[in-house]
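Structural overview for review
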Amino acid sequence: MFILAGLSEQPELQLPLFLLFLGIYMATVVGNLGMITLIGLSAHLHTPMYYFLSSLSFIDLCHSTVITPKMLVNFVTEKNIIYSECMTQLYFFLVFAIAECHMLAAMAYDRYVAICRPLLYNVIMSYHLCFRLTVGVYILGIIGSTIHTSFMLRLSLCKTNVINHYFCDLFPLLELSCSSTYINELLVLILSAFNILTPVLTIFASYIFIIASILRIRSTEGRCKAFRTCSSHISAVAVFFGSAAFMYLQPSSVSSMDQGKVSSVFYTTVVPILSTWL
């Protein structure tokens, strides 16, 4: 049995935070379900860009649902108790977090092809390639999550039963370990570097070519339209990867758990609602 400490221990903030995050979660569910339904029912939206967007909406919906309901419970109960589902929450959180990293990279590649090679867009971004990219995204998420969760299950979590976070995350759980966490922390750094830096470099390279192509467009209206197409995606990328890198690409001895909670809010609750604006 574990007790989640929650986002804040100040009593006067519990109700406002509950209402705030309840509103965000409801908007996330309605927005992403609406996006998936609209894309599924509209034949003219059955294109690679909207295929990836519906996949991202599904990931964000699941990502938010894994975290936010348990977080909301913490605002209205004295002790937010979590049992064996703690490891289940950790597993699915990592699956969808890692999948989102690589899905954002796949979307950047799709926009690179659409803007830089428009005449070959339908040939390059075929249904088979889109399907393979999507399956690859989920496979990477499952592999990374399985590795982290398997090594976490090997630890003896006996220091205390209070998790200093609002969900079961890697570093808060490692703080409870009575045994050595060196391998776990090394895995966090290695896998986080791969799952954050690889997509970031892919996105960065894609947008270098995209910006170069946009600057070659002679009409101001055409440039503005192309920039608007990419601006929302860039915003989601910046918020998601910025907060994730702050949390995971540093040793646990350096990071502050209170700062980590604030950082986590961005990639667990704010980013899922941003996909409805992409």
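Being a predicted model, the structure only gives us computed values, none of them experimental.

What counts, and at which threshold
- Residue numbers run consecutively from 1 along every chain, following the written order of its sequence.
- Whole-chain, interface and lining totals are the exception, using all residues; otherwise, since this is a predicted model, local features are given only for residues with pLDDT of at least 70 and side-chain atom pairs are given and counted only at 80 or more.
- Note that water and hydrogens are dropped before the side-chain values are worked out from all heavy atoms of the structure.
- Each nonpolar core is a collection of buried residues, namely Ala, Val, Leu, Ile, Met, Phe, Trp, Tyr and Cys, held together in the definition by side-chain atoms within 4.5 Å.
- Each residue's exposure class comes from its accessible area (1.4 Å probe, protein chains only) as a fraction of the maximum for that residue type: buried when under 20%, exposed when over 50%, partly exposed otherwise.
- Throughout, a residue-residue contact means that at least one pair of heavy atoms, one from each residue, lies within 4.5 Å.
- Disulfide assignment relies on a single distance test, namely cysteine sulfur atoms paired within 2.5 Å.
- The helix count covers DSSP runs of H or I at least four residues long, the strand count covers runs of E at least two residues long, and both are numbered beginning at the N terminus.
- UniProt positions are given in the numbering used here, feature names are shortened, and annotations may be inferred rather than shown by experiment.
- Any two of the Phe, Tyr and Trp rings considered here, Trp counted by its six-membered ring, make a pair once their centres fall within 6.5 Å; the pair's planes then place it as stacked at under 30 degrees, edge-to-face at over 60, or tilted in between.
- Helix axes are fitted only over the stretch in contact, all axes being lines through C-alpha atoms; the angle between N-to-C directions runs from 0 to 180 degrees.
- Orientation is classified from the angle alone, with under 35 degrees giving roughly parallel, over 145 giving roughly antiparallel, 65 to 115 giving roughly perpendicular, and any other angle giving oblique.
- Crossing handedness is defined as follows: a turn of the near helix away from the far one that is anticlockwise and smaller than a right angle gives a left-handed crossing, while the clockwise case is right-handed.
- All residues other than Ala, Val, Leu, Ile, Met, Phe, Trp, Tyr, Cys, Pro, Asp, Glu, Lys and Arg, Gly among them, are scored as polar; the first ten of these are nonpolar and the last four charged.

With that settled, consider the nonpolar core. Grouped together as the largest cluster of nonpolar side chains are 72 residues, with contacts concentrated most on Phe93 and Leu173. Apart from residues no more than four positions distant in its own chain, phenylalanine 93 is found in contact with His63, Val66, Ile67, Phe167, Asp169, Tyr248, Tyr267 and Thr268.

Our focus in this paragraph is the state of the cysteines. Counted by the stated rule, this structure contains two disulfides. Residue pairing for cysteine 86: its cysteine sulfur links by disulfide to cysteine 168, the two sulfurs lying 2.0 Å apart. The chirality of the disulfide connecting cysteine 86 with cysteine 168 is left-handed, given an S-S dihedral of about -125°. Residue cysteine 86 is located in helix H3 (residues 85-116), and its partner cysteine 168 is located in the loop between strand S3 (162-163) and helix H6 (170-174); the two are separated by 82 residues in the primary sequence. Assessed through its relative accessible area of 0%, cysteine 168 is described here as buried. The partner cysteine of cysteine 158 in its disulfide is cysteine 178, sulfur to sulfur 1.8 Å. On the criterion of sequence distance, the pair formed by cysteine 158 in the loop between helix H5 (127-153) and S3 and cysteine 178 in the loop between H6 and helix H7 (182-215) is long-range, its members being 20 residues apart. With relative accessibility at 42%, the residue cysteine 178 sits in the partly exposed group. Across the protein, the disulfide pattern expressed with sequentially numbered bonded cysteines is 1-3, 2-4. Here cysteine 101 is not disulfide-linked; the sulfur of cysteine 62 is the nearest cysteine sulfur, at 16 Å. Residue classification places cysteine 101 among the buried positions, given a relative accessible area of 5%.

Mapped onto the present numbering, the UniProt feature "transmembrane region" (unreviewed entry) falls at residues 17-38, 50-69, 89-109, 129-147, 186-215 and 227-249. Within the segment residues 89-109, helix and strand shares are 100% and 0% respectively, and the terminal C-alpha atoms sit 30 Å apart. What you have in residues 129-147 is 100% helix and 0% strand, and the ends, taken at the C-alpha atoms, are 27 Å apart.

A word on the packing of aromatic side chains. With the rule as written, the count across this model stands at nine aromatic pairs. With centroids separated by 5.3 Å and ring planes inclined at 90°, the aromatic side chains of tyrosine 91 and phenylalanine 92 adopt a geometry described as edge-to-face. What makes tyrosine 91 partly exposed here is its relative accessible area of 24%. Between phenylalanine 240 and phenylalanine 241 the ring centres are 5.4 Å apart and the planes differ by 85°, which places this aromatic pair in the edge-to-face class. With relative accessibility at 5%, the residue phenylalanine 241 sits in the buried group. These aromatic residues form a ring-pair network of at least three members: Phe93, Tyr166 and Phe167.

Once that is clear, we can look at the packing of helix H2 (residues 48-76) against H3. Packing of H2 against H3 leaves a shortest axis separation of 9 Å and a crossing angle of 155°. When the axes of H2 and H3 are compared, the pair comes out roughly antiparallel. As H2 packs across H3, the resulting crossing turns out to be left-handed. Residues that form the contact of H2 with H3 fall into these classes: 18 nonpolar, three polar and six charged.

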